[in-house]
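Understanding the architecture of this molecule
Now for the letters of each chain:
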Amino acid sequence: MRLSKTNYLVYRECAHNAWVKVHKPEVYRAEPLSVFEQAIIGVGNDVDVRARQVFPGGILIRRGDAVGTAQLVAERAHILYQPVFETDRYTTACDILVWNGAAYDLYEVKASTGGEERNAKDDLYAHDLAFQALVLRGNGVPLGRLHLVRLNAGYVSDGTLDLGRLFTREDFTSRVTPLLDAVAMEMDAAHDLIQLRALPPPPCACIYKGRSSQCTTFAHINPGVPDYSVHDLTRIGASPKKLKALVDGGILAVTEVPDDFELSDPQRNQVEAARHRRLHVARAPLEAFLAAIRYPVAFLDYETFPCALPRFAGYGPFHHVPFQFSMHVVTEPGGAPIHREFLYTGADCPDMPFIDALKRAIPAEGSIVVWNAPFEKGINAKLAERRPQERAFLDTVNGRVVDLMDVFSGQMVVHPEFRGRTSIKWVLPALVPRLSYKGLAIQEGATASDTWNRIVTGALEPDAARQAAQDLLAYCGLDSLAMLEIWRALLGMVAAREIREAG
């Protein structure tokens, strides 16, 4: 059984998970790919195809055709797309190979811009290239320079796509070469592991990682770890020594963390809430937070599409296209909410229609309540960059924003059912159980983004597009309504004399 590059990279994250992927694909794929994951794959394919246009005139190799690749390499074909190489132990497909007159230069294409994640991603990309280089050398391919091709974070479209400026080419040879010996050893170990008939005994390496960093089959590999475990403690992944001490001490359930174990205040609040099944409320800071909210109160939610390949002037790679908002406005204490909404389904740029609708909908004064303020404020800031004549209005909006998530990230309220999370999808069912996303056709933001994209690109028939637009309105409308009802629940906590035990 040959080891593929994909399985090698999975092995580097978690060896057990790589074994499950190979031998129990039904377990590995038990959860279907989310819309977000599908979108990542689709974007990667789109970017790969576009990158080929920077190296025109190449030959596209059929999937899995190592024999055809070998023949073309022997003939020194100038440019190859998706060439396939195999040894008796390994297999890989490359994105682009270019003959430079003496050797083949390798170009790996990534649908990313680097940015703040560049350092962490660069190590992954270097190992990716190292695997390919070793397999190509094992096939006797004369190999030249090793390059990474990715999207230029500084590129701004003028309404057209300038591929020469859209992509950057970085020579990674000096980063990859020092890794080759170590990667060769890792490849051998990974190959040997996937030959095993049985899954190695638990735990896997992810036992020492926070929940969000664990492998996709963690529960299958580690059946003794409870569903709500110490891996769910807030920011525990940033304290590896603390997590290791708990795990090595056999303390896995959140409720079993000893009273004398050193935890941060937020972590201790989370443990106490879980252990006693009781709501924790920091009354003084919660009262101060709520008192700072001014009427009329506008609960505002945006939906956006992160477009990898810019469609409109002023946009760069992965800039978010704001296409929808929902707003619930309460003008006075105890007042009935007024709902205002906007959805743009045209194929042209929605910036100005979005801004104009926001101007009409938003009250001239009062607080604007959002969930995760950096997101909405960031969208407004980018709108102001593209539409400088609207900067004064958008800056004023940002100046009035209040982040309702601060109540939960700041541990003013801790519910046992939050499980250390601060997403509205976790907070809403705990505090306002009568409201739910479960009955909606669209239940999270990635599906909303994908749905809008299919509407505006004509991927849906007219009747389906009209229904999809209604589904978008229902989803975004619940987001702003959820904030309103969570705010009301918080007001009720402050007004109550006693903190009731959580159900």
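Cut-offs and rules
- Residues numbered from 1 in each chain as written.
- Predicted model: local features only at pLDDT ≥ 70, side-chain atom pairs only at ≥ 80, totals over all residues.
- Heavy atoms only, no water.
- Pairing = 2+ DSSP bridges.
- Helix = DSSP H or I, 4+ residues; strand = E, 2+ residues; numbered from the N terminus.
- Contact = heavy atoms within 4.5 Å.
- Axes fitted to C-alpha atoms, helices over the stretch in contact; angles between N-to-C directions.
- Core = buried A, V, L, I, M, F, W, Y, C linked by side-chain atoms within 4.5 Å.
- Buried < 20%, exposed > 50% of the residue type's maximum accessible area, 1.4 Å probe, protein only.
- pLDDT = per-residue confidence, 0-100.
- Salt bridge = Lys/Arg side-chain N within 4 Å of Asp/Glu carboxyl O.
- Disulfide = S-S within 2.5 Å.
- Arc of directions from axis to C-beta.
- Parallel < 35°, antiparallel > 145°, perpendicular 65-115°, else oblique.
- Left-handed = near helix turned anticlockwise from the far one by under 90°.

Now for the sheet that holds strand E8 (residues 143-151). With respect to topology, 6 strands assemble into an open sheet ordered E2-E3-E6-E7-E8-E9, the strand pairing being mixed. This sheet does not close on itself; its edge strands, each paired only once, are strand E2 (59-60) and strand E9 (167-171). As defined by bridge partners, strand E6 (residues 96-99) adjoins strand E7 (residues 104-110) across 4 bridges and the pair is classed as antiparallel. Considered in E7, the bridge of Trp99 is made with Tyr104. Against the sheet, helix H4 (residues 35-52) contacts E2, strand E3 (79-81), E6, E7, E8 and E9, and its axis sits at roughly 145° relative to E7.

A separate point is the nonpolar core. If you look at the biggest cluster of nonpolar residues, it comprises 63 residues, and the most contacted ones within it are Phe85, Val176, Val230, Leu233 and Val257. Counting residues per element, this core draws most heavily on helix H6 (residues 118-138), at 8 residues. Excluding its chain neighbours within four sequence positions, the residues that come into contact with Val230 are Ile236, Leu243, Leu246, Val247, Ile251, Leu252, Ala253, Val254 and Val257. Membership of the second largest hydrophobic core comes to 55 residues, among which are Leu279, Val407, Val427 and Met493.

A word on the sheet that holds strand E5 (residues 90-93). Sheet architecture is open: 3 strands sit in the order E1-E5-E4, paired in mixed fashion. Each edge of the open sheet is held by one strand with a lone partner, namely strand E1 (3-4) and strand E4 (84-86).

With that out of the way, let us pick up the confidence of the model for the chain. Per-residue confidence for the chain gives a mean pLDDT of 95, with 97% of residues at or over 70. The low-confidence segment residues 498-503, where pLDDT is below 50, has 14 contacts with residues more than four positions distant or belonging to other chains.

Taken together, the buried positions of helix H2 (residues 15-23) are occupied by His16, Asn17, Ala18, Trp19, Val20 and Lys21. On its buried side, H2 packs onto helix H1 (5-13), helix H3 (25-28), helix H9 (180-194) and helix H10 (218-221).

Okay, the pairing of strand E11 (residues 297-307) next. Taken residue by residue, a regular strand's side chains alternate between the two faces of the sheet. Most of E11 sits out of view: 10 of its 11 residues are buried. Two strands pair when backbone bridges link them, and E11 and strand E12 (residues 319-330) are joined in this way by 11 bridges, in the antiparallel orientation. Directly across from Phe299, in E12, lies its bridge partner His328. Pairing between E11 and strand E14 (residues 368-370): 2 bridges, direction parallel. The partner of Phe299 across the bridge, within E14, is Val369.

As a further point, take the pattern of salt bridges. Should the charged atoms of two oppositely charged side chains come close, the side chains can pair. In total, this model carries 32 salt bridges according to the counting rule given. A salt bridge links Lys5 to Asp128; the shortest N-O distance between them is 3.0 Å. Of this pair, Lys5 sits in helix H1 while Asp128 is found in helix H6, placing the two residues 123 residues apart along the sequence. Across this residue pair, the class does not change: Lys5 and Asp128 are buried. With its nearest N and O atoms 3.0 Å apart, the salt bridge here joins Glu108 to Lys110. Linked through salt bridges whose partners overlap, the residues forming this network are Lys5, Glu108, Lys110 and Asp128.

The peptide bond linking Pro202 to Pro203 adopts the cis configuration, its omega dihedral lying at 5°. Despite not being glycine, Arg235 has its phi angle at roughly 60°, a positive value. The topology assignment puts Arg235 in the loop between H10 and helix H11 (240-248).

Looking at where Lys121 falls in the secondary structure, it is placed in helix H6. The class of Lys121 is partly exposed, set by a relative accessible area of 32%. On a C-alpha basis, the gap between Lys121 and Ala482 in space is 36 Å, while along the polypeptide they are 361 residues apart.

Tallying each qualifying case throughout the model produces 0 disulfides. Lacking any disulfide linkage, Cys206 is separated from the closest cysteine sulfur, that of Cys215, by 3.8 Å. Cys307 forms no disulfide, and the closest cysteine sulfur to it belongs to Cys349, at a distance of 11 Å. Of the residues examined, Cys307 reaches a relative accessible area of 7% and is grouped as buried.

Moving on, we come to helix H5 (residues 66-74). The α-helix winds at 3.6 residues per turn, so residues separated by three or four positions along the chain end up facing the same way. Those residues of H5 lying buried are Ala66, Gly68, Thr69, Leu72 and Val73. Take H5 and look down its axis: the buried residues cluster within an arc of 160°, on one side only. More than 90 degrees from the buried face of H5, the exposed residues found are Val67 and Ala74. Phi turns positive one or two residues past the end of H5, at Arg76, with a value near 60°.

For the rest of this paragraph, the subject is the pairing of E8. Burial analysis of E8 places 7 of its 9 residues in the buried class, the great majority of the element. Relative to E8, E7 is paired through 6 bridges, and the arrangement is parallel. Counted as the bridge partner of Tyr104 is Leu143 from E8. In this sheet, E9 lies alongside E8 in antiparallel orientation, the contact comprising 5 bridges. Within the sheet, the bridge partner assigned to Leu148 lies in E9 and is Glu170.

Bringing the packing of helix H19 (residues 445-456) against helix H20 (residues 462-495) into the picture now. Between two packed helices, what matters for the description is the angle formed by their axes and the separation of those axes. Their axes nearest at 10 Å, the elements H19 and H20 cross at an angle of 150°. With respect to H20, the element H19 is oriented roughly antiparallel. Like other packed secondary-structure pairs, H19 and H20 cross with a definite hand, here left-handed. Here Gly445, Ala448, Thr451, Trp452 and Ile455 of H19 lie close against H20, whose contacting residues are Ala465, Ala468, Ala469, Leu472 and Tyr475.

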